[in-house]
Amino acid sequence: MTASLPHRRGVSLGCIAALLLSPLAQAQTAAPTPKPLTPLSAKQRARAEDAYLSGAKHLSKAEFLPAEKDFARAIVVDPSRPEYVQALVLSREHRVTNLLQQAAATRPRDAAAADALVGQARALDRDNPRVTQHDGPTAIKPVRKMEVVGGVVLLHTNTRHSYHERSDIRTLASHIAADYGLKAVLDTEVPTKSYRIDVDDASYDEVMSVFSVLTNMMSVPLDEHTLLFAMDTVANRQRYERLVEAVYYLPAFTADQLKDFVSIAQNVLTLKQVSVKPGDGSLVVRGPADLVDAADKIFADLMTGGSDVVIDMKLYAIEKSRTQNLGVVLPSSLNAFSLASQAQSIVSANQSLITQLIASGVIPSTTSVYELAAYLVFVAGVGGTSSLLSNSFLIFGGGATTGVLSAGNIPTINLALNQSDARSLEDVQLRGSDRQTIIFKAGTRYPIQTSLFSDIASNASSALGNTTVNGVSLSSLLSQYLGTNSSGSNGIIPQFQYEDLGLVITAVPRILRTGDVSMHLEIKVSALSGAALNGIPILSSRQFSSDLTMADGDTALMVSDTTQNETTAVTGVPGLSELPGFQGGTNRNGTRSTGDLVLMLTPHIVRLGHRSPTGPYIALPPRPDDE
């Protein structure tokens, strides 16, 4: 019987049984082997349900190991419930995720403890994609050569011998070959010339290297036990030297990088038969066995020599704005006027309204001019100069000479505060190789019109005028096939340029021989400023560029004040508001805005290449075609 589980994990009940019976699960749960399914009693169902509920409580408290034990007990008691199986898989997923999160938080302080936590997660679920991301990088090596012709391997002994003798070439060659369990065959053109050789405790390769340099001879294996000696000439190499063909598959290399491999094989190793297939990333090399072996070592060193670094970057942008309006706004002007003339002016201007009010009985006919003016201003709300009366605060004089003093505006008390605080976070993780340019963009591409062009087809159509071919107007043909409008007016073709708005991060890491990470960093934040020049929007950008060096796992913190503006407007009485003790009646309207940019940068070397400035030492004997 199988239980339906999440599609991504694809776990069956058999897999869960295997999980429960694993040594780790046995040590944790000590659950017995599940028995074949039989009808369960109510007591068994209740026991399984209690275990399931207990596991759910532990899971809600982030106690993943006890929850896993409870769910496992529920499955053992009642394996027919698919939700028990799903709960066990879920608790296992949460436990693995929790271990990986603890490892990420511990790594900056203790890398060994972080690796131990990752190891626990790997023991729980080795095939989990989140776990496999933490697996160490494996060495990338090219596929070893495929031998088509030759490639005989000599089966010589691994003994060491010493030689202090003088003899002819034939005798020396036969003596050396016999000491190492081989048979010597000499070319007929080998001269009978004597040489003295002095070598102490040397291996086969060391003796043959000294012998070939001393006598200017080459040796070619005929089979596993036979060695052919001949003079080292271009003709003899073409006649006797065995050629091997090697096919290298270089993954993830571009066409330009493959050209570098070809250049090394042709210019450094003088291999003349080299071909490359950029489509499948393969390189075919054909030549002498020693040169192909040298190419194999160089290619392997170049492929494993690069380093990779992961950059954890957190960018905080903080914008603060504070507007404060406090104080008293006093009248800025005073007006003095005659009360009688002002009242008479208001009554005269609204005579028809007064007649209607008297006729309807709203006001008596014996009402005085002052009372009529007061009614019109304060009750009916009419009168062109009523503000003089409504803002009046002092009456002086008497009778027909009564005067009124009025303020230009009513005093106002301001108590206003407006404050805003905006924060944004960009949490970015970048990975790249040594000296590789890494670019991260977050935002939009905004089109900006830069120029306008006239429609060439419209101009051509207008220039042709009434020209016809076989009775057909060329102007109409252009209008039909090139899109010119029927009126013949010139069309306009706009030209746009796209600008990146938002965040652009450019990093070029360099891994030093000391294990530190040197980095060139550029950060650019662009946005529309809201203004335009000749119809072209003006961009507001902030750019940061720096070179810094950090140890692996260390964090660099950089803080910058991007903007800081402060404005203050004062409203008061000239001279008086500047005196001590009278500033309480002054109104102050101030605005303060600040902007901060905080950058936290942590590099992690995840793949370390060469610590030495040189590659492998490959000794190649001189060849006659090199001279």
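First things first, this report covers the structure right here in the doc. Keep in mind it's a predicted model, so treat the numbers as computed, not measured. (Residues numbered from 1 in each chain as written. Predicted model: local features only at pLDDT ≥ 70, side-chain atom pairs only at ≥ 80, totals over all residues. Heavy atoms only, no water.)

1. Regarding the overall build of the chain
The line we're drawing: Each helix is a run of DSSP H or I of at least 4 residues and each strand a run of E of at least 2, with the numbering of both proceeding from the N terminus. A simple rule labels every residue: compare its accessible area, found with a 1.4 Å probe on the protein chains alone, to the largest value its type can have, and call it buried under 20%, exposed over 50%, or partly exposed in between. Here, residues are in contact when the closest pair of their heavy atoms is within 4.5 Å. Surface accessibility in these figures is a Shrake-Rupley result with a 1.4 Å probe; residues are shielded only by whichever protein chains are displayed.
Each helix and strand in the chain was counted, giving 18 helices and 21 strands. Out of the 627 residues belonging to the chain, those deemed buried represent 32%. Once local pairs closer than 6 in sequence are excluded, the contacts in the chain between residues at least 24 apart make up 69%. Accessible surface for the chain amounts to roughly 36600 Å². Of this, 55% is attributable to carbon and sulfur atoms.

2. A short note on helix α4 (residues 64-77)
Defined as follows: How far a helix is expected to stretch is found by multiplying one less than its residue total by 1.5 Å.
Relative to the 20 Å expected for 14 residues at 1.5 Å per residue, α4 spans 20 Å between its end C-alpha atoms, a close match to the ideal helical length. Burial analysis of α4 places ten of its 14 residues in the buried class, which makes it a mostly covered element.

3. What about the environment of D187?
Which entries qualify depends on this criterion: Distance and chemistry together define a polar contact, namely a pair of N or O atoms within 3.5 Å, with one atom able to donate a hydrogen and the other to accept it when in protein, and with adjacent residues in sequence counting only for side-chain atoms on both sides.
Its place among the elements puts D187 in the loop between β2 (183-186) and β3 (194-202). When its relative accessible area of 8% is taken as the criterion, D187 is described as buried. For the pair D187 and L228, spaced 41 residues apart in sequence, the C-alpha to C-alpha distance is 7.2 Å. The contacts of D187, once residues within four sequence positions are left out, are R170, L228, F229, A230 and Y240. Engagement of the side chain of D187 in a polar contact is seen with the side chain of Y240, the distance being 2.6 Å.

4. What to know about the side chain of D232
When you line up the elements, D232 lands in the loop between β5 (226-231) and α10 (234-240). With relative accessibility at 9%, the residue D232 sits in the buried group. Side-chain polar atoms of D232 contact the side chain of R237, separated by 2.6 Å. Setting aside anything within four residues of it in sequence, one finds D232 in contact with N216, M217, M218, R237, P622 and P624.

5. What about the environment of S560?
Relative to the helices and strands, S560 resides in strand β20 (residues 556-571). For S560, a relative accessible area of 34% puts it in the partly exposed group. Between the alpha carbons of S560 and G595 there is a distance of 8.6 Å; along the sequence they are 35 residues apart. Residues in contact with S560, not counting those within four places in the same chain, are G595, D596 and L597.

6. A short note on the sheet that holds strand β4 (residues 217-221)
This is how it is decided: One bridge is not enough; two strands pair if DSSP finds at least two bridges between them. In this description, a line fitted to the C-alpha atoms serves as the axis of each element, helices being fitted only across the stretch in contact, and the angle between N-to-C directions of two axes falls anywhere from 0 to 180 degrees.
The mixed open sheet is built from three strands, whose spatial order is β2-β5-β4. Strand pairing shows two members of the sheet lacking a second neighbour, β2 and β4, which therefore form its edges. Averaged over all pairs of adjacent strands, the angle between strand axes in this sheet comes to 30 degrees, irrespective of strand direction. When β2 meets β5, the two strands line up parallel, connected through four bridges. What sits directly across from L186, in β5, is F229. Lying over the sheet, helix α8 (residues 169-179) contacts β2, β4 and β5, oriented at roughly 155 degrees with respect to β2.

7. Focus: the layout of surface pockets
Our working rule: As defined here, a cavity is a set of points on a 1 Å grid over the protein atoms alone where a 1.4 Å probe fits but cannot get out. A pocket is an open set with protein on both sides within 12 Å along at least five of seven lines, and residues line them when an atom is within 4 Å of a point. Grid points are joined across faces, edges and corners, and a volume is the space filled by probe spheres set on the points. Three classes are used: nonpolar for Ala, Val, Leu, Ile, Met, Phe, Trp, Tyr, Cys and Pro, charged for Asp, Glu, Lys and Arg, and polar for all others, with Gly counted as polar.
The space that makes up the largest pocket amounts to roughly 1400 Å³. D205, S219, A289, D290 and P621 are the residues nearest the centre of the largest pocket, which is lined by 41 residues in total. For the lining of the largest pocket, the element with the most residues is helix α9 (residues 204-215), which contributes seven residues. Partitioning the lining of the largest pocket into residue classes produces 22 nonpolar, six polar and 13 charged.

8. Comments concerning the pattern of salt bridges
For the record, the criterion: For this analysis, a salt bridge means a side-chain nitrogen from Lys or Arg found within 4 Å of a carboxyl oxygen belonging to Asp or Glu.
Taken as a whole and assessed by the stated rule, the structure comprises 14 salt bridges. A salt bridge links E68 to R95; the nearest nitrogen and oxygen atoms lie 3.1 Å apart. Of the two residues, E68 sits in helix α4 while R95 sits in helix α5 (residues 82-106), which places them 27 residues apart along the sequence. On the basis of relative accessible area, E68 is assigned to the buried category, the value being 4%. Given a relative accessible area of 15%, R95 falls into the buried group.

9. Examining unusual backbone geometry
Even without being glycine, A62 reaches a positive phi, approximately 65 degrees. Position of A62 among the secondary structure elements: in the loop between α3 (42-60) and α4. Look at N216: it is not a glycine, yet its phi comes out positive at around 55 degrees. For N216, the position within the fold is in the loop between α9 and β4. A residue is classified by how much of its surface remains accessible, and N216, at 44% relative accessible area, is partly exposed.

10. Things to note about the packing of aromatic side chains
For clarity, the cut-off: Aromatic contacts are taken between Phe, Tyr and Trp rings whose centres are within 6.5 Å, Trp giving its six-membered ring; a plane angle under 30 degrees counts as stacked, one over 60 as edge-to-face, and the others as tilted.
Taken as a whole, this structure holds six aromatic pairs when the rule is applied. Aromatic pair Y180 and Y204: ring centres 5.5 Å apart, planes at 70 degrees, arrangement edge-to-face. Pair noted here: Y180 is in the loop between α8 and β2 and Y204 is in helix α9, with a separation of 24 residues, a long-range link. Taking relative accessible area as the criterion, Y180 reaches 0% and is therefore assigned buried. Between F211 and F229, the aromatic rings sit 5.8 Å apart at their centres with planes inclined by 85 degrees, giving edge-to-face as the arrangement. Of this pair, F211 sits in helix α9 while F229 sits in strand β5, and the two are 18 residues apart along the sequence. Using a relative accessible area of 2% as the deciding quantity, one classes F211 as buried. Here the aromatic cluster, defined as three or more aromatic residues joined through ring pairs, consists of Y52, F71 and Y84.

11. Topic: the packing of helix α11 (residues 255-268) against helix α12 (residues 289-304)
We apply this condition: Note on terminology: angles under 35 degrees are roughly parallel, angles over 145 are roughly antiparallel, angles of 65 to 115 are roughly perpendicular, and the others are oblique. Crossing chirality is assigned from the near helix's rotation relative to the far helix, an anticlockwise turn below a right angle marking it left-handed and a clockwise turn marking it right-handed.
Contact geometry for α11 and α12: axes closest at 11 Å, N-to-C directions at 150 degrees. The pairing of α11 with α12 is recorded here as roughly antiparallel in orientation. Two packed elements cross with a definite hand, and for α11 against α12 that hand is right-handed. Within the contact between the two elements, α11 uses F261, I264 and A265 and α12 uses I298, F299, L302 and M303. Among the residues forming the contact of α11 with α12, the class breakdown is seven nonpolar, no polar and no charged.

12. Here's the deal with the sheet that holds strand β21 (residues 587-607)
On the basis of which strands lie adjacent, the open sheet formed by four strands has the order β13-β9-β21-β20 and antiparallel pairing. Each edge of the open sheet carries a strand with a single partner, namely β13 (412-433) and β20. Each adjacent strand pair in this sheet contributes to an overall mean axis angle of 5 degrees, direction not counted.

13. Some details on the packing of α8 against α9
The angle between the axes and the distance between the axes are what describe a pair of packed helices. Interaxial distance between α8 and α9 falls to 12 Å at its minimum, and their mutual angle equals 170 degrees. By the angle between their directions, the pair α8 and α9 is classed as roughly antiparallel. Across from I169, L172, A173 and I176 in α8, the residues of α9 making contact are V207, M208, F211 and T215. Among the residues making up the contact of α8 with α9, the classes are represented as seven nonpolar, one polar and no charged.

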